[in-house]
Amino acid sequence: VFVYHDHPLSMDEYAAYFQSQVFAAGHLTGRFPLPQMDWLIPPGFQNFFLTVSPTTGQVASAYWPGHALIMAPFTALGIPWACNPVLSGLTLLLSHRLALHMFEDVEAAGLALLLTMSSSVIFGLGISYYSMPSHLLANCLYALLLVRPTPGRALAAGVVGSVALCLHNPVPHMLFALPWLIWIAARPGGLRLFVPLCAGYLPLCLLLGVGTFEFTNHLRNPAPGPISHADTMDHLRGMLAVFSVPTATVLLERVIGVAKVWAWAVPGLLI
């Protein structure tokens with residue numbers, strides 16, 4: 001509250017904060033007066049961070065809504081700043097339990113907890129409005145459910161994974177989940193685990209992922225009338241555009257990101 005000034009400093013943060021306010025009020029979108037739209041939301045941010053209807057003035061976050069849904073109860077209570085600290089505290093507990101399950105050693109689990117607590121990334125994002133603490137918590141819980149899998153745990157992991165996919169965009173969880181999916185499918189008797197795992201993903205992915213994409217697409221381009229095959233293909237291409245092959249610039253940005261993590265994620269990690 002005092003260090004971060006209880007304020008979403010970037011548009012990535014504000015988009016989720018705005019949508020949590022909308023959800024807390026019991027709506028799917030906000031509504032701004034059309035004549036003042038360009039004053040309230042700079043044109044360069046329209047349909048980039050915030051999706052805007054050119055006919056009704058409805059406004060919604062351009063990101064998928066999982067993190068905003070998690071933040072909404074805190075926003076309704078007037079303490080949106082408490083969301084990420086709570087998620088980060090839960091992540092500490094899960095990191096300890098996950099290490100205990102994987103290494104079966106109390107000292108190793110304590111060291112994992114200590115390194116997580118000392119991470120400036122955990123602290124910095126934990127006092128922000130970014131969605132990354134939600135991603136880390138969901139992925140830790142996902143791994144904890146699958147490290148000793150049963151059909152029931154696999155189904156629960158799929159539900160957790162579907163939430164992780166829809167937190168703000170699907171790529172982070174997809175990259176995290178892929179090795180787990182391969183490991184589950186390739187192990188003896190893996191089919192009896194893989195099927196409930198996939199089944200757990202399906203409902204919320206359709207509702208929060210595909211549903212939100214179609215909803216925001218309709219806000220941007222209200223087009224009453226029958227939908228043609230070409231329209232359907234355009235929707236599909238738009239949905240899959242996030243998975244495009246990275247350019248040289250994007251690859252350079254990812255290398256810089258990895259270097260940043262090495263430099264400041266955990267004290268002494270690079271050494």
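Per-chain numbering applies: the sequence of each chain, read as written, is numbered from 1 onward. Local features in a predicted model are, by the rule used here, given only for residues with pLDDT of at least 70; side-chain atom pairs are given and counted only at 80 or more, and totals for whole chains, interfaces and linings are based on all residues. Values shown for side chains rest on all heavy atoms present in the structure; no hydrogens or waters enter the calculation.

1. Considering the confidence of the model for the protein chain
- pLDDT: the predictor's confidence for each residue, scored from 0 to 100. Looking at the protein chain, the pLDDT average stands at 90 and 91% of residues meet or exceed 70.
- Here a strand is any run of E in DSSP of at least two residues, a helix any run of H or I of at least four, and the numbering for each starts at the N terminus. Within the protein chain, the lowest mean pLDDT, 65, falls on helix α11 (residues 229-240), and the highest, 97, falls on helix α3 (residues 66-76).

2. Thoughts on the packing of helix α4 (residues 83-103) against helix α5 (residues 106-118)
- To obtain an axis, a line is fitted to C-alpha atoms, over the contacting stretch when the element is a helix, and the angle between two such axes runs from 0 to 180 degrees between their N-to-C directions. It is at 8 Å that the axes of α4 and α5 come closest, and there the two elements cross at 150°. Overall, the two elements α4 and α5 adopt an arrangement that is roughly antiparallel. Considering how the two elements wind past one another, α4 and α5 form a crossing that is right-handed. In contact with Leu 92, Ser 95, His 96, Ala 99, Leu 100 and Phe 103 of α4, α5 contributes Val 106, Ala 108, Ala 109, Gly 110, Ala 112, Leu 113, Thr 116 and Met 117.
- Classification convention: Asp, Glu, Lys, Arg as charged; Ala, Val, Leu, Ile, Met, Phe, Trp, Tyr, Cys, Pro as nonpolar; all other residues, Gly among them, as polar. Residues belonging to the contact of α4 with α5 are distributed by class as follows: 10 nonpolar, 4 polar and no charged. When an angle is under 35 degrees it counts as roughly parallel; over 145 it counts as roughly antiparallel; between 65 and 115 it counts as roughly perpendicular; any other value is oblique. For any pair of crossing helices, the crossing counts as left-handed if the nearer helix is rotated counterclockwise from the farther one by less than a right angle, and right-handed if it is rotated clockwise. Residue contacts are counted whenever heavy atoms from the two residues lie within 4.5 Å of one another.

3. Thoughts on α5
- Over its 13 residues, α5 extends 18 Å from the first C-alpha to the last, a length consistent with the 18 Å expected when each residue adds 1.5 Å.
- Whenever a nitrogen or oxygen atom comes within 3.5 Å of another N or O atom, the pair is scored as a polar contact, on the condition that within protein one atom can donate a hydrogen and the other can accept it, and that pairs from neighbouring residues in sequence are kept only if both atoms are in side chains. Between a side-chain oxygen at the N-terminus of α5 and the backbone nitrogen of Glu 107 the separation is 3.2 Å; the capping residue is Asp 105. To estimate the expected span of a helix, count its residues, drop one, and scale the result by 1.5 Å.

4. Describing the pattern of salt bridges
- In what follows, salt bridge is the name for a side-chain nitrogen of Lys or Arg lying within 4 Å of a carboxyl oxygen of Asp or Glu. Evaluation of the coordinates by the stated rule reveals 1 salt bridge.
- When the shortest N-O distance is used, the salt bridge between Glu 104 and Arg 148 registers 3.0 Å. Of this pair, Glu 104 sits in the loop between α4 and α5 while Arg 148 sits in the loop between α7 (132-146) and α8 (151-165), placing them 44 residues apart in sequence.
- For each residue, the accessible area found with a 1.4 Å probe, counting protein chains only, is set against the maximum for its type, and the residue is called buried under 20%, exposed over 50%, and partly exposed in between. Looking at Glu 104, the relative accessible area reads 62%, which means it is exposed.
- You can call Arg 148 partly exposed: its relative accessible area is 36%.

5. What to know about the sheet that holds strand β3 (residues 58-61)
- Only when DSSP finds a minimum of two bridges between them are two strands counted as paired. Strand order in the open sheet formed by 3 strands is β1-β3-β2, with antiparallel pairing between adjacent strands. If you trace the sheet from one side to the other, it starts and ends with β1 (30-31) and β2 (50-52), each paired once.
- Pairing of β1 with β3 involves 2 bridges; the strand directions are antiparallel. Its bridge partner being in β3, Gly 30 is matched across the sheet by Val 59.
- Packing of helix α1 (residues 11-24) onto the sheet brings it into contact with β1, β2 and β3, and relative to β3 it is tilted by some 120°.
- Strand contacts of helix α10 (residues 191-220): β2 and β3, with the helix running at about 50° to β2, the strand carrying the most contacts.

6. Looking at the environment of Leu 165
- On the secondary structure map, Leu 165 appears in helix α8.
- Residue classification places Leu 165 among the buried residues on the basis of a relative accessible area of 13%.
- Sequence-wise, Leu 165 and Cys 205 are 40 residues apart; in three dimensions their C-alpha atoms are separated by 7.4 Å.
- If we skip the residues at most four places from it in the chain, Leu 165 touches Trp 64, Pro 170, His 173, Met 174, Tyr 201 and Cys 205.

7. Remarks on the side chain of Thr 51
- When you line up the elements, Thr 51 lands in strand β2.
- Exposure remark for Thr 51: the relative accessible area of 0% places this residue in the buried category.
- Ignoring anything within four residues of it in the chain, the contact list for Thr 51 reads Gln 58, Val 59, Ala 60, Ser 61, Ala 62, Thr 216, Leu 219 and Arg 220.

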